[in-house]
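Letter by letter, the chains look like this.
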Amino acid sequence: MCGELCKTSRVGHSGLFFHKTTGKNIESCSENVHIISAVAQAKRDLSKIEFVVLNVLDGSKRTNFDCCIYGDEKLSVYRIKAVVKETYRENRKFADLKARQYQCFVHNIKFQMKYIQLVGKKEFCNSSHIRQPVSYAPVKENKFAICAKVAYNYLNPLHIIEWFEYQKMMGVDTVLIALQQINEDAYAVFKYYEREGIAILISFPCKLPGNIDRSFAPDKWHFHQSTHDEQVAVYSCKEILQGFGFVAIVDLDEYIVNGNFLKYTDILKDYASITQCHTVSLQKIGKYLYKDYRHNIIVNWRTSCYSNITRTK
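Note that the structure is predicted; figures quoted are calculated from it, not measured.

In this structure the tally under the stated criterion is 11 salt bridges. Note that Lys 121 and Asp 66 form a salt bridge whose closest N and O atoms lie 2.5 Å from each other. One end of the pair, Lys 121, is in the loop between strand 7 (115–120) and strand 8 (132–133); the other, Asp 66, is in strand 3 (residues 65–70), with 55 residues separating them in the sequence. The network of salt bridges with common partners includes Asp 66, Arg 79 and Lys 121.

Following this line, the structure appears as structure tokens:
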């Protein structure tokens, strides 16, 4: 079942739910659509929210579903057609479960949304499926956020500290990370930065749905399916951070470096400076260049970071 907290872990703690709940995330009526998160449009006035986005791994043959939305009261139920917002295209012909977003328009709702279900056309609302909590995206205009995708397996806590301190130096306000199974020391570092206020920690399924035994570890990476697993985490991240002025997708082993050592917001103010900006992957450049980079030795970076930073408005 998707979205459960790991009850056991060989390497340490699992992630945390963005919204605390004792229930499990739901599967669709056909048990082919696995909802990872549900995020409402970012609005300061909640009465003006127009839609909720469901981020799913979808194994259905047809995308013909309805959204059942619930408030606090049992009688507060609203049903509307689920519309496909986006489907991840890479390897989609070969992936059993496709990364997909469904959009449910809710501008006619008269109550505050608490939970949501995805049901078939012939099913009733209030079915036996467990309800998915609705998250409300914060509104932080002119703030800068980073989506760090999924943290998993063993992570060097010192590298995590260096990465966070660099992001703080670059003017980052918030970092959103989906935690899967990680080692105790790394988890302690993430919790420290959560208490500091810069990190938002959400959970990602410890056991990924479907019939393929896989994970994000190199020895269990599935060529076709794992790209969709990662993309649904990115979908969740981008929806939760939609209310920020700027969002960058940066892995925990990557640094965005500007030739003039500008902060991210300053880079975006000067469009021309983006051509001097590059993404550096520690996995690609190795320990030697990583050490050189820490000592400010100039390295011939290759990969442009222009596509990594986007305006959300």
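Turning our eyes to something else, we now look at the environment of Val 150. Examined against the element boundaries, Val 150 turns out to sit in strand 10 (residues 140–153). Given the relative accessible area of 11%, Val 150 is considered buried. Through-space distance from the C-alpha of Val 150 to that of Leu 179 is 5.8 Å; in sequence the pair is 29 residues apart. Once residues within four sequence positions are removed from consideration, Val 150 is found in contact with Ala 178, Gln 180, Phe 204, Phe 216 and Ala 233.

Pairing is mixed across the open sheet formed by 5 strands, whose spatial order is 5-6-2-1-9. Each end of this open sheet is capped by a strand with a single partner; those strands are strand 5 (83–87) and strand 9 (135–136). Two elements, strand 1 (residues 33–40) and strand 9, share 2 bridges in a ladder whose sense is parallel. Bridging from a neighbouring strand, Ala 40 pairs with Tyr 136 of strand 9.

Quick notes on the rules
Residues numbered from 1 in each chain as written. Predicted model: local features only at pLDDT ≥ 70, side-chain atom pairs only at ≥ 80, totals over all residues. Heavy atoms only, no water. Salt bridge = Lys/Arg side-chain N within 4 Å of Asp/Glu carboxyl O. Helix = DSSP H or I, 4+ residues; strand = E, 2+ residues; numbered from the N terminus. Buried < 20%, exposed > 50% of the residue type's maximum accessible area, 1.4 Å probe, protein only. Contact = heavy atoms within 4.5 Å. Pairing = 2+ DSSP bridges.

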